[in-house]
Amino acid sequence: MSDFISSNLHKKVDHLMDIFFGAGVASHPTIIEQINYLLFMRALSQKDDDLKKIGVTDSDKIVFDGELEKYHWDNLLTLNAEQLFIALEECFRKIPESTTNRTVRLVFRNAHIKLFDKPSLRTVVHELDAFAKLMDDEEHEGKRDIFGDTYEYLLSKLSQAGTSGQFRTPRHIIEFLVGVIVPKKGETILDPAVGTAGFLVKAFEYLRREYTSTEQLASGGAFDNLSSKEHNFLYEHTFSGFDSDEDMIKFGMMNLYLHGLQNAKLIRQNTLTDTAGSRDKYDVILANPPFSGKIDRDSVAEELQTNTGATEVLFLRYMMRHLTESGRAGVIVPEGVLFNAAGGYTKIRELLLENGLWCVVSLPGGVFNPYAGVKTSILFFDKTRKENAEVLFAKVEHDGFSLSAQRKPISKNDLPKILTSIERYKNGEELQELNAHVVDYSRIRESKELNLNGDRYKIIENLAGSEWPLVKLGDICDVRDGTHDSPKYVAEGFPLVTSKNLREGKIDLSSASLISKEDYEKINQRSGVNLGDILMPMIGTIGNPVAVSSEPNFAIKNVALIKSKPGNKDKVMNSYVLQILRTMTSEFSRQSSGSTQKFISLGFIRDIQLPLPPLEIQQRIVEKIENKQQAIDHAQEVISALERERAYFDPSSRAQKEGWPIMKLSDLLVIERGASPRPIDKFTTSDQDGENWVKIGDTKNATKYITGVAEKITKDGAAKSRRVDPGDFILSNSMSFGRPYIMKITGYIHDGWLLLKNKDKTVLNNDYLYEILSSGYVQKQFEKSATGGVVRNLNSALVREVTIPLPPIEVQKEIAAEFTEEQRLIDANLSLISLYKKKIAHAIAEI
């Protein structure tokens, strides 16, 4: 979370929460509520002081005046624990009765002190004052919306965050969205899922920059370029927001008030159920509505009924109905809205096209970490663009922050250039970015599902330069799938091929489940796999089409079956289709749906477009490609054989024959578990002088050595962790445990790792140790020793008991040298595969 508030503020917030825990307040929502009430009291006191400095004495504007003056924040700081508790109880009760300020009355309605340990309450007040001073310093540095940022960090501690849908949209994403919408004076602006009012705050700040002179901005003034009437409309009528959570309404009011908006219209209501009969319309709607569940269809307001209970669909329906005829909206939605084939989703895409959908911006998958990993997009629709009949698709690969849970700042940021592309498009200028392209409504409507995934149309554009006509796969081939039923699995029967059985261009029946003859015949009656047909996974490892090269005796499930239509055999070769589809595999994977398991639909496969040259040219292309594919297949076989050699390496027979001793690892190695400072986010840092913090993700592209890390840890965090040095081994001890790596750098490991340090390299060679630890001989011992049910674990005690043969040191070096040579052959064959894949791509490019 260091992209929102500084590490100093993080530490203060964590310390405050520890005080609440220690005083017996364990509810995160209660802690957030209490902290925000106190922060708001301090901010109100400061606002009073600022008004008094410029001569304002109006009791309508000063909150802590008259009988409330004794509750001014500075006065509270002077009280002892008993006096403070009494004063706050009185203050919370009297404020709604005594002040004329509507916002303050509403915020403190039904407010109570819930931290009953009085010394702890006094500590919290003083710690909050120190914390708020740090906030003031950051705000003076130009970091606005500190209140919202602090709330976001507090909410990150809430275990329900992301489940309930209550998480704050990152401010740079809101700024981007507002920059595209461009709100104007005299317009009404609504957020129908307002939360802490981040969208309204950013819209207000945008208007302030647009309608304030440079001189006034520099001196802290605002809106001197508005008339008195326009000024009044802005403050009294422009901003509205709804939320079903009363606490969210209060937090939103606090946030808007502290930014100068005292009379925004925030209402506690459920937008989807409580708006029946409402005819209010708005010029601008900005939102990131909750999309973490469904609502009972019978509860949905009649005007919003769309044959679904999905909240994201219902919110979109509300926005379209409640925009003015010249209104426009920007809304963040989960990616499934773009292509989900269910009736309600298809209907909402149809309505979006009818209501002026003009831009879809795809966001990276980790934008909402750590609350939710769901991939999202921003939809922009404008009722004045109904006749536009085209959509600009833009793709953001990087948003200026890492996509990990910590969201550290990085240099890559596509948002500015995407915003520029959108401005160029609005102005009718030519697009210059590769990750932005325009698609006509007519092309979208070619699919009955009205798919709004921009990448889908990008493939078609990439092929559009062909001199041969583009055709849909479903027009020239029969595309179907296997069973959706649950066949009966048996000990002896017929193989059922699923996505996992299609690997590296082959059908692997050895690991297939078996089904009864009855189920086999029933499935094949519907799907009917034949020699020469193409199979393509639809779930898991997407794409990777495979040809049926021998008489099939299996059925299929969650696999697409592609075969030439009887009347098209003189137009298309299955082998040509196979090779074209193979070149598209990476694109299929990028366009797949699903957060936990990827999938593509039959409709998507049928709509794939490919160039269709004459049959003789298809034959020539296939011959060119198949020669190269044979070289790839041979290289892959060599790699597989060498990898099996390592996996099955077992020197125990030779050890018995030659009398090598069998040693426990504890006799040869120092074995210790890593250590994790808690909570870890207090100790991770973006500072370059931090220590290397080794995580499982750092092994992603590693084979034998750890040569670099993505994250750093502070010196304090390192002191609470386990140091590893070059030459040390580290071993994962949980889930996919047992894979060894050798450190090339100094670093620190958490408790998900074990450290293995060689006691004497004259007795045990590191390269031999790596090979024996990687071998099936040791891995079987790990597997047998691991504890746990669903998640199995190793621990240092178990690893110490693992045994290995210990040949003489020279023999160890010989064995290691053999594996080094085999690895050289693996690398050479990998290079060969890469080369021939490029040659195949060139062959395809010729058409």
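The residue numbering used here restarts from 1 in each chain and proceeds along that chain's sequence as written. With the structure being a predicted model, the display of local features is reserved for residues of pLDDT at least 70 and the display and counting of side-chain atom pairs for 80 or more, all residues being used for whole-chain, interface and lining totals. Derived side-chain values reflect all non-hydrogen atoms in the structure, with water molecules and hydrogen atoms excluded from consideration.

Participant: Outline the sheet that holds strand E3 (residues 265-268), supporting the account with residue identities and numerical values.
Facilitator: The mixed open sheet is built from 9 strands, whose spatial order is E3-E2-E1-E4-E5-E7-E6-E8-E11. Looking along the sheet, the strands with just one partner apiece sit at the ends: E3 and strand E11 (436-440). Ignoring strand direction, the axes of neighbouring strands in this sheet form an average angle of 15°. Two strands are said to pair when DSSP picks up at least two bridges between them. Each helix is a run of DSSP H or I of at least 4 residues and each strand a run of E of at least 2, with the numbering of both proceeding from the N terminus. Taken together, the 7 bridges between strand E5 (residues 323-334) and strand E7 (residues 376-382) define a ladder with antiparallel strand orientation. For Gly330, the partnering residue across the bridge sits in E7 and is Phe380. Any pair of residues with heavy atoms lying within 4.5 Å of one another is described as a contacting pair. An axis is simply a line fitted to the C-alpha atoms; with a helix, the fit covers only the stretch in contact. Between two such axes, the angle follows the N-to-C directions and lies from 0 to 180 degrees. The strands touched by helix H8 (residues 171-181) are strand E4 (282-287), E5, strand E6 (357-362) and E7; relative to E5, the strand with the most contacts, the crossing angle is about 155°.

Participant: Explain the sheet that holds strand E20 (residues 555-556) residue by residue, including any values.
Facilitator: Each strand in a sheet pairs with its neighbour through backbone hydrogen bonds, running either in the same direction (parallel) or in the opposite one (antiparallel). In space, the 3 strands of this open sheet follow the order E17-E14-E20, with mixed pairing throughout. Of all strands in the sheet, those with a lone pairing partner are strand E17 (513-515) and E20, marking the two edges. As judged from the 4 bridges shared by strand E14 (residues 489-497) and E17, these two strands associate in the antiparallel manner. The residue of E17 that forms the bridge with Leu496 is Ser513.

Participant: How would you explain the confidence of the model for the chain if you had to name every residue and give the values?
Facilitator: What pLDDT conveys is the predictor's confidence in a given residue, as a value from 0 to 100. Of all residues in the chain, 86% attain a pLDDT of 70 or more, and the chain-wide mean is 82. Every residue in residues 141-145 scores below 50 in pLDDT, and together they form 9 contacts with partners more than four places removed in sequence or on other chains. Predicted confidence for residues 158-166 stays below pLDDT 50, and this span has 15 contacts to residues more than four positions away or in other chains.

Participant: Tell me about the packing of aromatic side chains, and name the residues and values.
Facilitator: Only rings of Phe, Tyr and Trp enter the pairing, Trp through its six-membered ring, and a pair is recorded when the two centres are within 6.5 Å. The plane angle decides the type: under 30 degrees is stacked, over 60 is edge-to-face, the rest tilted. Overall, the coordinates contain 15 aromatic pairs when judged by the stated rule. Arranged with centres 5.7 Å apart and planes meeting at 75°, the rings of Phe40 and Tyr257 form a pair that is edge-to-face. A residue pair is termed long-range when its members are at least 10 positions apart, and Phe40 in helix H2 (residues 28-53) and Tyr257 in helix H12 (residues 246-258) qualify at 217 residues. Burial classes follow relative accessibility: with a 1.4 Å probe on protein chains only, a residue under 20% of its type's maximum area counts as buried, one over 50% as exposed, and anything between as partly exposed. Tyr257 gets classed as buried once you look at its relative accessible area, which sits at 1%. With centroids separated by 5.5 Å and ring planes inclined at 55°, the aromatic side chains of Phe204 and Phe223 adopt a geometry described as tilted. In this pair, Phe204 sits in helix H9 (residues 198-210) while Phe223 sits in the loop between helix H10 (214-218) and helix H11 (228-237), placing the two residues 19 residues apart along the sequence. For Phe204, a relative accessible area of 4% gives the class buried. Accessibility expressed as a relative area gives 2% for Phe223, which makes it buried. Pairwise contacts between aromatic rings join Tyr37, Phe40, Phe92, Phe108 and Tyr257 into one cluster.

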